[in-house]
Amino acid sequence: KQEVTQIPAALSVPEGENLVLNCSFTDSAIYNLQWFRQDPGKGLTSLLLIQSSQREQTSGRLNASLDKSSGRSTLYIAASQPGDSATYLCAVRSDTGRRALTFGSGTRLQVQP
Amino acid sequence: DAGVTQSPTHLIKTRGQHVTLRCSPISGHKSVSWYQQVLGQGPQFIFQYYEKEERGRGNFPDRFSARQFPNYSSELNVNALLLGDSALYLCASSLDPGASEKLFFGSGTQLSVL
């Protein structure tokens, strides 16, 4: 059974810092990995999707890497802003079974102005 | 273009009641999935539908059921509500159920069971 863990559970940083969010998964037989942002009580906004054959994806100040063999992904946020405050969720789509997304519990980020 | 729309946005029910949640996918998307998110946790997969057929089911009791209509919209039904069913219910759509497809999520329905 696939399990996804995100560390840290919560993070508070001053504005302007570069930061890294971590995601690990137990079964390396994945099809892809997706990072989402969730604001309180709201739905999920897709940030980056990395296929299993890719090593990284970039969008603006965001960069996500994937090391499938070690079961790890990182989301790098450059020059953080107060508007980045949200919960960041990592989800993997397994290459076997029903191929639904398996989510981690998220990292709650607070960027202080 | 409209994104994934869900209704209602909030709902309060009592134990034992029945609830129906609705979802309209992005125009052109034929696959709809349902997820349950309990406070403080990541979403958990409930169902996936494509072309009106169930393509996947998560580890949820038979009290949970769903269907997809010819216009690709979907309903999630939950019978005999329990306190533990209180959660944010999220609907996601994609062009097809292929594993490479990116999912687009709605804003969810917040269900409170008293």
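Everything below is about the structure shown above.
Per chain, residues are indexed from 1 in the order of the written sequence. Throughout, the order in which chains and ligands are written sets their labels, letters from A for the former and numbers from 1 for the latter. The predicted origin of the model limits local features to residues at a pLDDT of at least 70 and limits the giving and counting of side-chain atom pairs to 80 or more, whereas totals for whole chains, interfaces and linings rest on all residues. Excluded from the side-chain calculations are hydrogens and water; all other atoms, namely the structure's heavy atoms, are used.

## Brief notes about the state of the cysteines
Defined simply, a disulfide is a covalent bond joining two cysteines at their sulfur atoms.
Right, so step 1: Cysteine sulfur atoms are paired as a disulfide whenever they fall within 2.5 Å. Evaluation of the coordinates by the stated rule reveals two disulfides over all chains.
Right, so step 2: Between the sulfur atoms of Cys23(A) and its disulfide mate Cys90(A) the distance is 2.0 Å. The S-S bond linking Cys23(A) to Cys90(A) shows a torsion near -50 degrees; that makes this disulfide left-handed. Taken together, the residues span a long stretch of sequence, with Cys23(A) in strand E3 (residues 19-25) and Cys90(A) in strand E9 (residues 86-94) at a distance of 67 residues. With respect to burial, Cys23(A) and Cys90(A) carry one shared label: buried.
Right, so step 3: In this model, Cys23(B) is linked to Cys91(B) through a disulfide, with the two sulfur atoms separated by 1.8 Å. One quick way to see it: the torsion about the S-S bond of Cys23(B) and Cys91(B) is about -65 degrees, and its sign makes the bridge left-handed. In this pair, Cys23(B) sits in strand E3 (residues 19-24) while Cys91(B) sits in strand E9 (residues 87-94), placing the two residues 68 residues apart along the sequence. Put simply, DSSP marks the helices as runs of H or I at least four residues long and the strands as runs of E at least two long, and each gets a number from the N terminus on. Buried, partly exposed and exposed residues are distinguished by accessible area as a fraction of the type maximum, computed with a 1.4 Å probe on protein chains only: under 20%, between the cut-offs, and over 50%, respectively.

## What about the interface of chain B and chain A?
Right, so step 1: What makes two residues a contact is simply this: any of their non-hydrogen atoms within 4.5 Å. Contacts between chain B and chain A engage 21 residues on the former and 21 residues on the latter.
Right, so step 2: Accessible surface is computed with a 1.4 Å probe, and the buried area is the amount of it that two parts give up when combined, taken over both parts together. Of the roughly 1600 Å² buried at the junction of chain B and chain A (both faces included), carbon and sulfur atoms supply 55%.
Right, so step 3: Put simply, a salt bridge is a Lys or Arg side-chain nitrogen that is within 4 Å of an Asp or Glu carboxyl oxygen. Put simply, chain B and chain A have zero salt bridges between them.
Right, so step 4: For the purposes of these results, a polar contact is taken to be a pair of N or O atoms within 3.5 Å, where, inside protein, one atom must be able to donate a hydrogen and its partner to accept one; residues adjacent in sequence count only when each atom of the pair is a side-chain atom. Between chain B and chain A we count three residue pairs in polar contact (both at pLDDT 80 or more) in total.
Right, so step 5: Of all elements in the fold, only strand E4 (31-37) and E9 of chain B reach the threshold of two or more residues within the side of chain B that touches chain A.
Right, so step 6: Grouping the amino acids of the side of chain B that touches chain A by side-chain chemistry returns nine nonpolar, nine polar and three charged. Only Asp, Glu, Lys and Arg are considered charged in this grouping, and only Ala, Val, Leu, Ile, Met, Phe, Trp, Tyr, Cys and Pro are considered nonpolar; every other residue, Gly among them, is considered polar.

## Observations concerning the layout of surface pockets
Right, so step 1: Cavity: a set of points on a 1 Å grid over the protein atoms alone where a 1.4 Å probe fits but cannot get out. Pocket: an open set with protein on both sides within 12 Å along at least five of seven lines, its lining residues, like those of a cavity, having an atom within 4 Å of a point. Grid points are joined across faces, edges and corners, and a volume is the space filled by probe spheres set on the points. Taken as a whole, the second largest pocket holds about 480 Å³ of empty space.
Right, so step 2: If you trace the second largest pocket, you find 22 residues lining it, with Gln38(A), Thr87(A), Gln37(B), Leu39(B) and Gly40(B) closest to the centre.
Right, so step 3: Broken down by secondary-structure element, the contributors of at least two residues to the lining of the second largest pocket are E9 and strand E11 (107-112) of chain A together with E9 of chain B.
Right, so step 4: When grouped by side-chain class, the residues that make up the lining of the second largest pocket number nine nonpolar, eleven polar and two charged.

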